[in-house]
Amino acid sequence: MGGKHSKMNPMDVPVPGIQQLMDQDCGLRNFEYEIRKRYAVYLDWVDGINEKEGGYEKFTRGYEEYGIHVKPDGSIVAKEWAPGAEAMYLAGAFNNWNRTEFPYQKLDFGKWSLNLPPNTDGTPMIPHLTEVKVIIKDKSGNLLDRLSPWAPYVVQPPKEEGYVYRQIMYNPTERYQFKHQRPKKPQSLRIYECHVGIASDEPKVATYDEFTENVLPRIKKLGYSAIQVMAIMEHAYYASFGYQVTSFFAASSRYGTPDQLKRLIDTAHSMGLTVLLDVVHSHASKNVLDGLNQWDGTGAGYFHDGPKGEHPLWDSRLFNYSEHEVLRFLLSNLRYYMQEFQFDGFRFDGVTSMLYQSRGMGHGFSGDYNEYFGMNTDTDALVYLMLANDMLHTLYPEVITIAEDVSGMPALCRPVTEGGGGFDYRLAMAIPDKWIEILKKCKDEDWNIGNLIHTLTNRRWQEKAIAYCESHDQALVGDKTIAFWLMDKDMYTHMSVLSEPNPVVDRGIALHKMIRLLTLGLGGEGYLNFIGNEFGHPEWLDFPRQGNNDSYHYARRQFSLVDNELLKYKFLAGFDSAMLNLESKHGWLHKDSGYVSWKHEADKVIVFERGGLVFVFNFHPTQSFPDYKIGVEVPGKYKIALDSDSNEFGGFNRLDRNIEFFTSPDGFANRRNSLMVYIPSRASFVLVKQD
């Protein structure tokens, strides 16, 4: 922007809450200059938006002005930003595809506009559900077929007609009317990460309506407080898992219409579920005919031109966050999903790639603060994220934003007013990597308990994290679910309650439950599970593609497994629900971060207290411990509230739930009191103090 704040000495730039940030982490004092310098760029953008665009309220409503719109009188107005175009036209079935009949008028700053009068009967010239294209005339005089970047509805043609998506005029006479208010922002965020298309037993693309009717009730019953919906922004390539976005304002038509998505969200709200969107603003698909790439006939437009505008690993385009109209587009995109679809927040994908000029490639991120400040930081992208969070939290105070960042950028999850990134949470991405590493490389008796606890607790103070054992990343082809790592081929033969006992399955069921409870108990201030993994979904995810003969066999979730009373999947789902409901009752995720009083390498025993509860784990493969002394801070009488070894959850029922445990004032493990407990091998339990 180059505004007044950027021209100031950075140490003179006013950052209202920076002292609080510095007091919280004195290590940042050496980088105060850089933090203030970033904040200056942010302030200049805010000033420009306020002075020239009427503030966030007007600037982020670009979706109401740009694209193609039908007015109440039946007339049609269209507007685009295409700085590289020589001319622009609108064509479609409505004018028999005459590509130059309706030219746009050229405006200032690379903008173009068009007005089409209504038909004589007052109806729009472009009928509902008919195809349209924007025609760009490039500098060489070529006429290029394009889809509007603001298109709200695009569809894939029948296979015999190709694969290029088509823009369809979406103007139904009746639109879905929301019936339910957004639920209150949950204090404890228990997220069910889901993908509409795979949410069916059948080998097909499931629909919004099927998800609404069949899956939402499951999620609510399990005890989750939020859903995080993937692959909504339209993506021409299904196997990209939604991460190669082609049309940013179009909710994917694979699953149904925009109104059917609205019904899904409204129904979730009626159940008290918060709904988060997995948003991709870190990059965009390279598709030209049905994407943003070369939209105006140049390599620039919404992206950086040349190598700076390309992601070498993802083979995709990178946004130019220093461009005014790009910020209008992206901030309006967030506002669109919040306002028009009533989403409650976002999980921002690929944040690490955005934050660094290196796109995070080749970096181990050791925690040295010098890695986060300096020339490698992409200030334009970071400032965009600050603006996005500031806008969202200003206009929607109950919004939730989550950063997918593996680097550990300091202050990313602190308020923008402190000089932070403004996110509410970051994903604790080291935790699933640690679990997979342990299961792949370590014998049970060789688990490094201290290292595991370090990974679960190593997060920035006062910056909230979402803990998870596995997400969609771990389920993709080439990897496999935790359940499949644990039990592999034995899942095909020994998951029946009628089958003979199998040590591999017994171990797998026990560890699956313990891994989840330990992660939920200690790993963060929120928790996430990927659809189906709560009941130990076998195998992996693989979308239909040329390499698998377009098969949907692995692109589905087999809910019939957990619904079958004769299969052991019900035990894992039952435990998942029990631990979530225990958290819902006691709310440890939004209370203290937990105190680990015991981590014994030889015994493989872990004890910690959090939210007034005492968590006890014994990961030893064979050794049970009678009369094991553990420390507790609060004296009194305790009882077992949750037991992973209960036969209700497929365990061996070695603990008596009716036993009452009384503390002794004999302090132990840096706690003021102690208890004597029996800890079976490969079992965990949670003690709650009785009133």
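Keep in mind that this is a model prediction, so the values were computed, not measured.

Participant: I'm lost on the overall build of the protein chain in this one. Help?
Facilitator: Within the protein chain one finds 16 helices and 29 strands. Principal-axis analysis of the C-alpha atoms places the extent of the protein chain at approximately 85 × 65 × 45 Å. Burial status across the protein chain gives 61% buried among its 691 residues. Summing over all exposed atoms, the protein chain offers an accessible surface of approximately 26,700 Å²; the carbon and sulfur share of this is 49%. Distance from the positive charge centre (73 side chains) to the negative charge centre (89 side chains) of the protein chain: 2 Å.

Participant: Please explain the pairing of strand β17 (residues 345-348) as it appears in this structure.
Facilitator: As a general feature of sheets, a regular strand has side chains that alternate between the two faces. Residues of β17 alternate between two faces, with G345 and R347 on one and F346 and F348 on the opposite face, all of them buried. The sheet contact formed by strand β14 (residues 274-279) and β17 spans four bridges and is parallel. Within the sheet, the bridge partner assigned to D278 lies in β17 and is R347. Pairing between β17 and strand β18 (residues 400-403): four bridges, direction parallel. Paired with F346 across the two strands is T401, which belongs to β18.

Participant: I would appreciate a short explanation of the sheet that holds strand β4 (residues 105-106) in the present structure.
Facilitator: Remark on secondary structure: sheet strands pair via backbone hydrogen bonds, oriented parallel or antiparallel. On the basis of which strands lie adjacent, the open sheet formed by four strands has the order β1-β2-β5-β4 and antiparallel pairing. Taken across any chain shown, the strands that pair with only one partner, and hence form the sheet edges, are β1 (67-70) and β4.

Participant: I keep staring at the pattern of salt bridges and nothing clicks. Help me out?
Facilitator: Oppositely charged side chains may form a pair once their charged atoms are brought near each other. As enumerated under the stated definition, the model contains 47 salt bridges in all. For K79, the salt bridge identified is with E65, shortest N-O distance 2.3 Å. Placement of K79 in strand β2 (residues 76-81) and of E65 in helix α4 (residues 62-65) is noted, with a sequence separation of 14 residues between them. Across the pair E463 and R426 runs a salt bridge whose closest N-O atoms are separated by 3.2 Å. Of this pair, E463 sits in the loop between α11 (449-457) and β20 (465-467) while R426 sits in strand β19 (residues 425-427), and the two are 37 residues apart along the sequence. For the pair E463 and R426, one class covers both residues: buried. Here the residues in one salt-bridge network are D25, D405, R426, R460 and E463, joined through shared partners.

Participant: Explain helix α7 (residues 324-339) here, please?
Facilitator: It helps to recall that an α-helix has 3.6 residues per turn; residues three or four apart then point in one direction. The end-to-end C-alpha separation of α7 is 22 Å, in line with the 22 Å expected for 16 residues at 1.5 Å each. Here α7 lies mainly inside the structure; 14 of its 16 residues are buried. The residue sitting at the N-terminus of α7 and contributing the capping side-chain oxygen is E323; that oxygen lies 3.2 Å from the backbone nitrogen of E325.

Each value, and the rule that gives it
- Residue indices begin from 1 for each chain and proceed along its sequence in written order.
- Local features in this predicted model are restricted to residues of pLDDT 70 or higher, and side-chain atom pairs are both shown and tallied only at a pLDDT of 80 or more, whereas totals for entire chains, interfaces and linings draw on every residue.
- Neither water nor hydrogens contribute to the side-chain values; these are computed over all heavy atoms in the structure.
- Each helix is a run of DSSP H or I of at least 4 residues and each strand a run of E of at least 2, with the numbering of both proceeding from the N terminus.
- Note on exposure labels: buried denotes an accessible area under 20% of the residue type's maximum, exposed denotes more than 50%, and partly exposed covers the range between, all computed with a 1.4 Å probe on protein chains only.
- Under the convention used here, a 1.4 Å probe and the Shrake-Rupley method define accessible areas, while residue burial counts only the protein chains that appear.
- For the purpose of counting charges, residues Lys and Arg are taken to be positive, whereas Asp and Glu are taken to be negative. His and the chain ends are not included.
- The atom standing in for a charge is NZ when the residue is Lys, CZ when it is Arg, CG when it is Asp and CD when it is Glu.
- Two strands form a pair only when DSSP identifies at least two bridges running between them.
- In what follows, salt bridge is the name for a side-chain nitrogen of Lys or Arg lying within 4 Å of a carboxyl oxygen of Asp or Glu.
- Between the first and last residue of a helix there are one fewer steps than residues, each counted as 1.5 Å, and that sum is the expected span.
- Nitrogen and oxygen atoms within 3.5 Å of one another constitute a polar contact, given that in protein one can donate a hydrogen and the other can accept it, and given that sequence-neighbouring residues count only through two side-chain atoms.

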